[in-house]
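# Residue-level structural notes
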Amino acid sequence: MKRPTIADIAREAGVSKGAVSYALNGQPGVSAATRERILAIAERAGYRASTAARALAGAPAKVVGLALQRPASTLGVEPFFMELISGLEAELSQHSYALLLQMVPDDRADAETEIYRQWWNERRVDGVLLCDVRVDDPRVAAVHRMGLPAVVIGPPSVGGPLPSIWSDDAVSVTEAVEHLAALGHRRLARVAGIRELAHTRSRTEAFAAACARRGLAPPETVWTDYSGSDGARATHTLLTAATPPTAIIYDNDIMAVAGLSAAQNLGRAVPAEVSIVAWDDSPVCPLLHPPLTALSRDIGAYGTHAARMLLSAVAGEPVADVHDEPAHLTVRGSTAAILRP
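Here is what the cut-offs are and how they apply
- Residues numbered from 1 in each chain as written.
- Predicted model: local features only at pLDDT ≥ 70, side-chain atom pairs only at ≥ 80, totals over all residues.
- Heavy atoms only, no water.
- Helix = DSSP H or I, 4+ residues; strand = E, 2+ residues; numbered from the N terminus.
- Buried < 20%, exposed > 50% of the residue type's maximum accessible area, 1.4 Å probe, protein only.
- Contact = heavy atoms within 4.5 Å.
- Lys, Arg positive; Asp, Glu negative; His and termini not counted.
- Charge placed at Lys NZ, Arg CZ, Asp CG, Glu CD.
- Axes fitted to C-alpha atoms, helices over the stretch in contact; angles between N-to-C directions.
- Parallel < 35°, antiparallel > 145°, perpendicular 65-115°, else oblique.
- Left-handed = near helix turned anticlockwise from the far one by under 90°.
- Nonpolar A, V, L, I, M, F, W, Y, C, P; charged D, E, K, R; others polar.
- Expected span 1.5 Å × (residues − 1).
- Polar contact = N/O pair within 3.5 Å; in protein donor to acceptor, adjacent residues only side chain to side chain.
- Pairing = 2+ DSSP bridges.

### A closer look at the overall build of the protein chain
A tally of helices and strands in the protein chain yields 14 helices and twelve strands. On the principal axes, the C-alpha backbone points of the protein chain span a range of 85 × 40 × 30 Å. Looking at the protein chain residue by residue over its 341 residues, the buried ones come to 48%. Counted over contacts in the protein chain with a minimum sequence separation of 6, partners at least 24 positions apart contribute 69%. Of the side chains in the protein chain, 32 bear a positive and 37 a negative charge, and the two mean positions are spaced by 4 Å.

Structure below.
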């Protein structure tokens, strides 16, 4: 069956093609009655404007973009992003917006910026979300110069002129350290994510400060790429040291799961000899043996709030930074007082 065109709709409605374009793109130039008649005919005919045609007409793309400079396999193993995307979609779908997701395997600093520039020049998106924001991240200034509406998922300290949504990781780190210290732990370690990320630096500073306030030994931090294999490697390094930690906090649940397995393979009882805390709870954490103590938050709601901010920015409305609810500790079987302090 031949796809209906603007000319077909104009012929049936008895108007010009220009009038049809005005009606379909929500632009002035036709009466309310004529607009309704044209939209009814288009709906009945199953007409859908192409993205290119809508861009040329100046209509919104009804799409927001999210580029992630990580391997595509990240989405298969990282619950954080799946829950974040679920929250984004929940809000976007209510406004008939779609999410354009692209993984960026290129590790060049400007690779992601080039994608944003292409999307914006081609009018494929109306706005973007910036994740995994680094200290002095060049994407922030570049996106702002483009005039591309954007929201930073990260602390305002790195968001610059763009609105940010963030949670105070210092609150969460302190809560975990206080819990472990109350159980008698004095040697703590952290298996951290990517060193250059702004939220990683925030966690690192808060971790050192919380341990110092409690008079604990200076904590050790091992940097990883967030993968399970790196989490297992880091755990093995920590637990085979001359003076191993008695508790380890992991920057995501995937590494915590891998760390639990690594500890058990080394013959270290969890939690009798080493306690484990995961950052960002997931459905897997309570199913393990022992179930993992975790820093829990509603990541889906985080995504919903971020989408709501971005749609406001797209509409040209002023958007303030949002301080979202921090992660709080859910205590389970992987933390306990140690047998040998």
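Here the narrative resumes, following the displayed structure.
### Let's talk about the packing of helix α10 (residues 169-182) against helix α11 (residues 198-213)
The N-to-C vectors of α10 and α11 enclose an angle of 40°; their axes lie 8 Å apart at closest approach. As the angle between them shows, α10 and α11 are arranged oblique. At the point where α10 passes α11, the crossing takes the right-handed sense. For the pair formed by α10 and α11, the contact residues are D169, A170, V173, T174 and V177 on the first element and H199, S202, R203, A206, F207, A210, C211 and R213 on the second. Taken together, the residues that form the contact of α10 with α11 break down as seven nonpolar, three polar and three charged.

### What about helix α14 (residues 299-314)?
The end-to-end C-alpha distance of α14, which contains 16 residues, comes to 23 Å, matching closely the 22 Å that a straight helix rising 1.5 Å per residue would cover. Turning to α14, its buried residues are I299, G300, Y302, G303, T304, A306, A307, M309, L310, L311 and A313. Here the buried face of α14 lies against β1 (63-68), α6 (79-92), β3 (127-130), β4 (150-153), β5 (164-167) and β11 (322-324). N-capping of α14 is provided by D298, with a side-chain oxygen placed 3.3 Å from the backbone N of G300. Phi turns positive one or two residues past the end of α14, at G316, with a value near 85°.

### Describing the environment of G87
Locating G87 in the fold gives a position in helix α6. Taking the C-alpha atoms as reference points, G87 and N265, separated by 178 residues in sequence, lie 37 Å from one another. Those residues in contact with G87, other than ones at most four positions away along the chain, are G300, G303 and T304.

### Describing the sheet that holds strand β2 (residues 98-103)
Sheet architecture is open: six strands sit in the order β2-β1-β3-β4-β5-β11, paired in parallel fashion. At either margin of the open sheet sits one strand with a lone partner, and together these are β2 and β11. Across the sheet, the mean angle from the axis of one strand to that of its neighbour is 20°, orientation sign disregarded. Pairing of β1 with β3 involves three bridges; the strand directions are parallel. Opposite G65, over in β3, you have V128 as the bridge partner. Sheet contacts for α14: β1, β3, β4, β5 and β11; angle to β5, the most-contacted strand, approximately 160°.

### So, the packing of α6 against α14
α14 packs onto α6 with a crossing angle of 45° between their chain directions and a minimal axis gap of 7 Å. Put simply, α6 runs oblique to α14. Between α6 and α14 lies a crossing whose hand is right-handed. Of the residues in α14, those touching α6 at F80, E83, L84, G87, L88, A90, E91 and L92 are I299, G300, Y302, G303, T304, A306, A307, R308 and L311. When grouped by side-chain class, the residues that make up the contact of α6 with α14 number ten nonpolar, four polar and three charged.

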